[in-house]
Amino acid sequence: MGRADERRARQHRGGRRAAPKRSTGSASTGPESGAETGAGTAGGTATATLTPGRAAGRAATRAKSGKGGNGGKEGKSFMRRLFTWKKILGAFFGFILLGMGAFVVLYLMIAVPAAGNDAAKLQSNIYKYSDGTVLARTGTVNREIVDLADVPKDVQRTFVAAENKSFYKDSGVDLKGTTRGLINTLSGKGKQGGSTITQQYVKNYYLDQNQTVTRKLKELVISLKVDREKSKDFILAGYINTNYYGRDSYGIQAAAQAYYRVDAKKLTVEQGAYLAALLQAPSQYDWAVASDDGKRRVTARWNYVLDNMVKERWLDQATRSAMKFPVPKPPKGAPGLEGQTGYLVGAAKSELARQLVKKGTADDAEDAKAQVDAGGWTITLNIDRKKQVALEEAVKSQLTSKLDAKKRKVDGNVQAGAVSVDPKTGRVLAIYGGTDYFDHYISNATRRDYQPASTFKPIILAAAMEKSARTQDGDLINPDTVYDGTSGRQVVSDGEKVGFGPPNEDDQDYGDVTVQTAMNKSINSVFAQMGVDVGMSEVMRIADELGLDTKGLQAVPAQTLGTMGASPMEMAGVYATLDNHGRKVTPAVVKSAEHKDRTVEFDSPLGEQVVTREAADTVTSVLTGVVNDGTARLSVAQAKNRKGQQVAGKTGTSDENKSAWFTGYTPGLVTSVGLFGEDTKANKQVSLKGATGLIPVGGGRINGGGYPAKIWATYTFGAMGKVTKFDLDATQGAGVKPTASPTPSPTPSVTPSVTPSVTPSVTPSVTPSVTPSVTPSVTPSVTPSVTPSLTPTASAPTPSGGAGDISPEPADPGGGQ
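Residues numbered from 1 in each chain as written. Predicted model: local features only at pLDDT ≥ 70, side-chain atom pairs only at ≥ 80, totals over all residues. Heavy atoms only, no water.

**Digging into the pattern of salt bridges**
According to the stated counting rule, one finds 27 salt bridges in the structure shown. Lys-232 is the partner of Asp-227 in a salt bridge, and the nearest nitrogen-oxygen pair spans 2.8 Å. Like Asp-227, the residue Lys-232 is buried in the burial classification. Lys-358 is the salt-bridge partner of Asp-603, the closest N and O atoms lying 2.6 Å from each other. Placement of Asp-603 in the loop between strand S14 (599–600) and strand S15 (606–609) and of Lys-358 in helix H16 (residues 341–358) is noted, with a sequence separation of 245 residues between them. Classification of Asp-603 by relative accessible area gives partly exposed; the value is 38%. Residue Lys-358 is classed as exposed on the basis of its relative accessible area, which comes to 60%. (Salt bridge = Lys/Arg side-chain N within 4 Å of Asp/Glu carboxyl O. Buried < 20%, exposed > 50% of the residue type's maximum accessible area, 1.4 Å probe, protein only. Helix = DSSP H or I, 4+ residues; strand = E, 2+ residues; numbered from the N terminus.)

Next comes the structure, spelled out in structure tokens:
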């Protein structure tokens with residue numbers, strides 16, 4: 001029998017074909033291992049068999065691990081058949097082809113509009129007083145188209161360097177930037193930069209500012225077609241002639257006049273670079289109104305533009321290095337907005353723009369402003385016509401009629417701003433933004449670049465009352481708490497000096513005084529220590545809650561002097577909240593705003609309780625003492641038309657006398673008045689000293705208790721109706737002290753110390769405030785709890801800061817210095 005026959009015979013005897021050779025790894029263990037046998041064959045093939053138990057065990061193990069059985073193999077096989085590389089690549093290329101096909105369809109369907117629609121969309125805005133009377137109608141577009149040939153070549157290149165360095169080489173679109181913009185639009189992230197000059201021109205001239213997928217796709221298609229059909233010079237000319245540059249200026253010619261008082265053809269490269277940088281954020285980068293951060297940003301972008309020109313070899317490095325930043329001219333108001341009208345319209349536009357952003361109908365401030373400027377709005381303001389006229393007349397009679405810039409240079413630097421608010425509703429009833437919007441574009445009512453000085457002190461007291469704070473000795477802080485009023489006294493925290501000891505006005509020492517007296521006389525050293533006692537972080541928190549913007553400010557003791565910036569609008573809101581018993585008041589200029597397509601809903605000016613009623617009312621009670629017995633006594637308390645009206649308020653005079661304030665209130669009206677020293681030509685803050693020819697021994701200082709308080713009193717007492725009194729939930733402070741019976745002097749022991757120290761320094765005009773005939777109004781300030789402040793050492797200097805009281809301008813010892 002041959003070998004083949006012998007092999008077949010063996011296979012037949014075994015009952016099956018020989019199994020292929022298998023490696024079993026290591027020796028088996030367990031009770032079933034002996035059942036496994038191996039038989040050698042002539043061919044060297046090993047055969048292994050498993051007992052039924054062993055086979056079942058392995059099957060169970062494979063089932064548990066999910067690796068065995070036909071089900072696992074079938075699942076893997078199905079997934080592999082479903083997601084093959086061929087199918088994935090096919091789907092990807094199919095998607096690309098589908099997108100390309102859709103784009104081809106869009107390209108064929110979307111045509112370049114026959115004419116731009118920007119001018120057609122611009123309409124008039126109508127602004128009304130609260131009674132419906134028309135205040136102003138705006139809508140004339142300040143634009144003059146110029147040929148590109150009339151713009152210097154280097155100035156043209158500044159715009160290319162700023163926005164699109166590849167402009168002369170690209171096809172008119174930035175696919176990466178456009179794709180990013182589409183994704184952000186779909187995901188709700190809003191605006192995205194990266195558009196070419198061509199795309200921006202198409203958006204400005206042919207389309208609108210809406211951030212939608214449809215608009216972006218149209219922009220892409222039209223940009224490609226425009227780039228093919230038009231020259232680069234045509235596109236660049238359209239770009240610089242359609243953009244908005246701020247200051248109500250559309251196009252480079254209007255911008256050149258608005259910022260530099262020249263025609264576009266006379267612009268320098270430095271000036272062109274500024275205008276090109278400005279396009280990124282016109283309202284934030286306008287040098288005249290920009291914050292410090294805004295000025296840093298626009299300067300950095302100006303440098304970026306010029307550096308790009310050097311990289312593109314459009315500008316020599318030596319020439320570039322010699323260039324200096326071209327500070328723009330002060331802005332001028334648009335025709336038709338003279339007087340206070342422009343300030344009122346500007347405030348309304350700003351408030352509407354903020355609301356559009358807040359409601360999500362605008363991406364940012366620039367987008368919102370563009371929507372408002374596009375027109376079609378009827379905007380009704382909360383401004384009361386009669387009170388508006390009364391405020392303007394008060395400023396004129398008490399201040400501007402006394403200024404003569406021809407005789408005194410400093411008089412030309414005096415700027416006044418004021419805001420009047422109804423504390424019960426939050427409505428802004430009157431605004432004074434400056435002598436004339438046409439002459440002074442910046443509104444002094446809303447500017448926040450000057451220090452509020454000692455008008456910040458009530459916020460410190462409010463924080464102390466709200467927190468139930470204690471002094472370093474553990475005494476609860478209230479109006480009767482005694483502090484050391486020594487000028488320059490070092491502030492202490494937990495027994496350690498903090499390295500801050502502010503002087504009082506004229507470096508006057510007061511000795512031991514109550515908080516009430518410290519507020520009346522605006523003593524810096526007392527409130528610096530009180531701020532640390534409360535905790536400066538808490539003080540800044542309460543300031544923010546009351547209405548001041550404290551973001552980014554350090555919570556340091558120096559803030560007790562009111563060194564941050566604030567506007568009359570903000571200060572009116574802070575004091576209105578105090579007047580409203582601690583419930584937040586946000587001044588509201590706009591009553592309603594209706595567009596031809598929609599109506600904008602405004603939030604209520606009245607918010608939540610930000611400090612307790614007791615804390616707010618106690619501060620109000622204390623502030624009545626500032627009026628009756630303190631720095632506002634002569635201008636407010638003794639005003640002829642007061643008629644017994646109860647008043648609370650605070651004066652303030654900043655460091656170097658660059659600003660002077662009086663913010664005061666009655667139960668139904670809050671008004672903040674600020675005077676600011678500004679050299680408009682040099683664009684810097686300057687001192688108010690010597691204005692109106694005031695030259696007393698104090699050096700001609702303009703104090704909060706002078707012109708600001710006089711303006712306040714003339715306006716308020718003339719505008720109010722019936723006499724009202726505060727409804728206070730407080731047990732301390734000048735406003736709730738019982739009136740003592742009229743006597744020549746409080747007590748025999750006090751009379752000798754008061755008489756010799758006050759009499760010699762008081763002029764006849766001041767005498768009535770300390771004569772026996774008016775003793776009842778003075779009596780509360782010399783009660784036994786205040787006795788330390790009336791000792792000979794504390795009263796030897798004049799009570800209100802040096803010799804200031806001998807002039808018609810009362811001094812304010814608070815200063816914020």
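Now that the structure has been shown, we can carry on.
**Here's the deal with the packing of aromatic side chains**
Taken as a whole and assessed by the stated rule, the structure comprises 19 aromatic pairs. Judged by centre distance (6.4 Å) and plane angle (90°), the ring pair of Tyr-168 and Trp-314 falls under edge-to-face. Here Trp-314 lies in the loop between helix H14 (292–311) and helix H15 (317–321) and Tyr-168 lies in the loop between helix H6 (153–163) and helix H7 (175–187), a separation of 146 residues in the sequence. A residue is classified by how much of its surface remains accessible, and Tyr-168, at 32% relative accessible area, is partly exposed. Plain terms: the ring middles of Phe-662 and Trp-712 are 5.4 Å apart, the flat faces sit at 80° to each other, and that makes the pair edge-to-face. Of the two residues, Phe-662 is situated in strand S17 (residues 659–666) and Trp-712 in helix H26 (residues 707–719); the sequence distance between them amounts to 50 residues. Residue classification places Phe-662 among the buried positions, given a relative accessible area of 0%. One residue, Lys-230, lies across the ring of Phe-234, its end atom 4.8 Å from the ring centre. (Phe/Tyr/Trp six-rings, centres within 6.5 Å; stacked < 30°, edge-to-face > 60°. Lys NZ or Arg CZ within 6 Å of the ring centre and 35° of its normal.)

**Quick look at the nonpolar core**
Grouped together as the largest cluster of nonpolar side chains are 86 residues, with contacts concentrated most on Ile-379, Leu-381, Ile-431, Phe-456 and Met-530. When residues in this core are grouped by element, the largest group, 8 residues, is from H16. Sequence-distant contacts of Ile-379, that is, excluding residues within four places in its chain, are made with Ile-126, Tyr-127, Lys-128, Ala-348, Leu-352, Val-590, Ser-592 and Ala-593. Core analysis: the second largest hydrophobic core is formed by 51 residues, Ile-197, Ile-222, Ala-276 and Val-310 among them. (Core = buried A, V, L, I, M, F, W, Y, C linked by side-chain atoms within 4.5 Å. Contact = heavy atoms within 4.5 Å.)

**Concerning H16**
The terminal C-alpha atoms of H16 lie 26 Å apart, and with 18 residues this matches the ideal 26 Å at 1.5 Å per residue to within 8%. At the exit of H16 stands Gly-360, carrying a positive phi of roughly 85°. (Expected span 1.5 Å × (residues − 1).)

**Some thoughts on the environment of Ser-522**
Note that Ser-522 resides in the loop between helix H20 (515–521) and helix H21 (524–534). With a relative accessible area of 0%, Ser-522 lands in the buried category. It is 8.0 Å that separates the C-alpha atoms of Ser-522 and Thr-651, two residues lying 129 residues apart in sequence. A distance of 3.0 Å separates the side chain of Ser-522 from the side chain of Ser-454, its partner in a polar contact. (Polar contact = N/O pair within 3.5 Å; in protein donor to acceptor, adjacent residues only side chain to side chain.)

**Some thoughts on the sheet that holds strand S13 (residues 590–595)**
Reading across the sheet, the 5 strands line up as S4-S3-S5-S13-S14 and stay open at both edges, with mixed pairing between neighbours. Strand pairing shows two members of the sheet lacking a second neighbour, strand S4 (134–138) and S14, which therefore form its edges. Taken together, the 3 bridges between strand S3 (residues 125–128) and strand S5 (residues 377–381) define a ladder with parallel strand orientation. Bridging from a neighbouring strand, Tyr-127 pairs with Ile-379 of S5. Against the sheet, H16 touches S3, S4, S5, S13 and S14, its axis set at about 110° to S5. (Pairing = 2+ DSSP bridges. Axes fitted to C-alpha atoms, helices over the stretch in contact; angles between N-to-C directions.)

**Focus on the pairing of S13**
Sheet analysis places S5 next to S13, joined by 5 bridges and oriented antiparallel. Each residue of the ladder has a partner; that of Trp-377, found in S13, is His-595.

**Let's talk about the packing of H6 against H14**
The interhelical angle for the contact between H6 and H14, taken along N-to-C directions, is 110°, at an axis separation of 8 Å. Taken as axis vectors, H6 and H14 run roughly perpendicular relative to one another. Between H6 and H14, the contacting residues are Asp-154, Arg-157, Thr-158, Ala-161, Ala-162 and Glu-163 on the first element and Arg-301, Tyr-304, Val-305, Asn-308 and Met-309 on the second. (Parallel < 35°, antiparallel > 145°, perpendicular 65-115°, else oblique.)

**Some thoughts on the side chain of Glu-351**
By the element assignment, Glu-351 lies in helix H16. One buried charged side chain, Glu-351, makes no salt bridge at all; its nearest oppositely charged neighbour is Arg-354, positioned 4.1 Å away. At 2.9 Å, the side chain of Glu-351 forms a polar contact with the backbone nitrogen of Val-590. With residues up to four places along the chain from it excluded, the contact list for Glu-351 reads Pro-587, Ala-588, Val-589, Val-590 and Phe-602. (Lys, Arg positive; Asp, Glu negative; His and termini not counted.)

**Here we look at the confidence of the model for the chain**
Within the chain, residue pLDDT values average 80, and 71% of them lie at 70 or more. Predicted confidence for residues 188–194 stays below pLDDT 50, and this span has 16 contacts to residues more than four positions away or in other chains. (pLDDT = per-residue confidence, 0-100.)

**Regarding helix H12 (residues 269–278)**
Burial analysis of H12 places 9 of its 10 residues in the buried class, which makes it a mostly covered element. Looking at H12, one finds that the buried residues are Val-269, Gln-271, Gly-272, Ala-273, Tyr-274, Leu-275, Ala-276, Ala-277 and Leu-278. On the buried face of H12, the contacting elements are H6, helix H11 (252–260), helix H13 (282–285) and H14.

**Some points on the side chain of Ser-420**
Looking at the secondary structure, you find Ser-420 in strand S6 (residues 414–421). At a separation of 2.8 Å, a polar atom in the side chain of Ser-420 contacts the side chain of Tyr-715. In this structure Ser-420 touches Arg-427, Val-428, Leu-429, Ala-430, Leu-669, Val-670, Thr-671 and Tyr-715, once residues within four positions along its chain are discounted.

**Regarding the environment of Gly-677**
When you line up the elements, Gly-677 lands in strand S18 (residues 669–679). Under the relative-accessibility criterion, Gly-677 is labelled buried at 0%. When the C-alpha positions of Gly-677 and Lys-658 are compared, they lie 5.1 Å apart, and in sequence the two are 19 residues distant. Discounting chain neighbours no more than four positions away, the residues touching Gly-677 are Asn-413, Tyr-450, Lys-658, Lys-684, Gln-685, Val-686 and Leu-688.

**A few points about the environment of Val-600**
Positionally, Val-600 belongs in strand S14. Residues Val-600 and Thr-361, 239 residues apart in the sequence, show an inter-C-alpha distance of 9.6 Å. Beyond its immediate chain neighbours, meaning those up to four positions away, Val-600 contacts Leu-352, Gln-355, Leu-356, Trp-377 and Ala-593.

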